[in-house]
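So the chains spell out like this:
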Amino acid sequence: HIYPDANILCVNPNNFKKQNREEILVKIRDEDYDGIIMAYSSFELIPISKEYVKTTIEEELVTINKLLKNTKKVTKQLNAKKIRLEKELEKVNLEIEKQLNTVYFNDLGINTLFLDEAHNYKNVPIDTKINRVLGINVTGSNACKEMMQKVHIVQRNNNGRGVVFATGTPITNSLTD
């Protein structure tokens with residue numbers, strides 16, 4: 001009612017079921033909305049293309065290889081991460097062949113993302129030499145990893161900007177949070 005001329009799409013979980021999802025994603029991609037409101041349970045169902053995942057893994061491998069050329073930077077963890085990323089890249093390459101022709105999050109052209117209940121996406125995976133310390137979670141959660149990828153997609157398209165996280169839940173006493 002405040003913005004009667006705004007073109008807003010409200011997506012609720014009932015109309016974002018599997019049989020309707022592709023149609024709604026095409027509308028989001030092709031039409032010019034001022035805002036799209038959706039439940040985070042629906043937002044989590046929007047896939048990221050395997051090509052994007054492949055690109056980010058390859059970029060990370062380039063960085064790791066540069067670090068490994070400097071003998072002062074070589075660590076057991078860095079070598080292990082390189083091996084893990086190479087295995088992940090092989091897996092993603094196989095998944096690309098099976099990938100469906102659908103609309104992916106990185107195709108939507110989102111320029112600003114407002115995320116309420118951001119506390120649902122804590123436990124960001126971090127790289128650190130510190131392990132076995134209470135409050136440091138190096139593996140993170142899958143939901144958080146995927147949200148981080150979506151955040152990076154929006155930020156890459158908007159010069160590092162365009163993401164607002166909001167929550168009324170107090171921050172826990174964890175170092176990584």
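Sequence order as written defines residue numbering, which begins from 1 separately in each chain. Two thresholds apply to this predicted model, a pLDDT of at least 70 for residue-level local features and 80 or more for giving and counting side-chain atom pairs, whereas whole-chain, interface and lining totals are computed over all residues. In computing side-chain values, all of the structure's heavy atoms are included and hydrogens and water are not.

Undergrad: Help me out: how do you make sense of the overall build of the chain in this one?
TA: A run of H or I in DSSP becomes a helix once it reaches four residues, and a run of E becomes a strand once it reaches two; helices and strands are each numbered from the N terminus. The helix and strand tally for the chain stands at five helices and four strands. Starting at the N terminus and walking to the C terminus, you meet the elements of the chain as β-α-β-α-α-α-β-α-β. Taken along its principal axes, the extent of the C-alpha atoms in the chain is 60 × 45 × 30 Å. Only protein chains enter the accessibility calculation, which uses a 1.4 Å probe. A residue is then buried if its area is under 20% of the maximum for its type, exposed if over 50%, and partly exposed in between. Relative to its full complement of 177 residues, the chain shows a buried share of 24%. Any two residues whose heavy atoms approach within 4.5 Å are treated as being in contact. Residue pairs in contact within the chain that sit at least 24 positions apart in sequence constitute 69% of those at least 6 positions apart. If you sum the accessible surface of the chain, you get close to 12400 Å²; carbon and sulfur atoms cover 52% of it. With residues, only the protein chains shown are counted as cover, and all accessible areas are computed by Shrake-Rupley using a 1.4 Å probe.

Undergrad: For this particular structure, what's the right way to read the nonpolar core?
TA: Side chains of a nonpolar character, in soluble globular proteins, are inclined to be buried together. In this structure, Leu25, Ile46, Ile57, Phe105 and Leu108 are the most contacted members of the largest nonpolar core, which totals 31 residues. At the level of secondary structure, the elements contributing two or more residues to this core comprise β1 (8-11), α1 (18-30), α3 (50-69), α4 (76-98), β3 (113-115) and α5 (142-156). Considering each element in turn, this core owes the most residues, six residues, to α3. Ignoring any residue separated from it by four or fewer positions in sequence, one finds Leu108 in contact with Leu25, Ile28, Arg29, Ile46 and Val103. Among the buried residues, those of types Ala, Val, Leu, Ile, Met, Phe, Trp, Tyr and Cys that are joined through side-chain atoms within 4.5 Å form a nonpolar core.

Undergrad: How should I be thinking about the packing of α3 against α4 in this particular structure?
TA: An axis is simply a line fitted to the C-alpha atoms; with a helix, the fit covers only the stretch in contact. Between two such axes, the angle follows the N-to-C directions and lies from 0 to 180 degrees. α4 packs onto α3 with a crossing angle of 155° between their chain directions and a minimal axis gap of 10 Å. Here α4 runs roughly antiparallel to α3, going by the angle between their axes. The interaxial crossing formed by α3 with α4 has left-handed handedness. Together, Lys50, Glu51, Val53, Lys54, Ile57, Glu58, Glu60, Leu61, Ile64, Asn65, Leu67 and Leu68 of α3 and Leu78, Asn79, Lys81, Lys82, Leu85, Glu86, Glu88, Leu89, Val92, Asn93, Glu95 and Ile96 of α4 make up the contact between the two elements. Reported orientations rely on four angle classes, namely roughly parallel under 35 degrees, roughly antiparallel over 145, roughly perpendicular from 65 to 115, and oblique for the rest. Working rule for handedness: look at the near helix, and if it is turned counterclockwise from the far one by less than a right angle, call the crossing left-handed; if clockwise, right-handed.

Undergrad: What is the right way to read the pairing of β1 from this model?
TA: It is a general feature of regular strands that their side chains alternate between the two faces of the sheet. Burial along β1 is one-sided: the residues Leu9 and Val11 are buried and none of Ile8 and Cys10 is. Two elements, β1 and strand β2 (residues 35-38), share four bridges in a ladder whose sense is parallel. Considered in β2, the bridge of Cys10 is made with Ile37. Running through α1, the crossover from β1 to the neighbouring parallel element β2 is right-handed. Two strands form a pair only when DSSP identifies at least two bridges running between them. Here the term right-handed applies to a crossover when the path leading from its first strand over the helix to its second strand runs clockwise, the strands being oriented away from the viewer.

Undergrad: Where do I start with the pattern of salt bridges in this structure?
TA: Side chains that carry opposite charge are capable of pairing whenever their charged atoms lie near each other. Salt bridge, as used here, is a side-chain nitrogen of Lys or Arg placed within 4 Å of a carboxyl oxygen of Asp or Glu. Evaluated as defined, the whole model comprises seven salt bridges. Among the salt bridges present, the one from Arg29 reaches Asp30, with a minimum N-O distance of 2.7 Å. Relative accessible area serves as the criterion here: at 37%, Arg29 is assigned to the partly exposed category. Put simply, Lys150 and Glu146 hold a salt bridge, and the shortest N to O gap is 3.6 Å. A residue pair is termed a helical-turn pair when its members lie 3 or 4 positions apart in one helix, as Lys150 and Glu146 do in helix α5 at four residues. We classify Glu146 as partly exposed; its relative accessible area is 31%.

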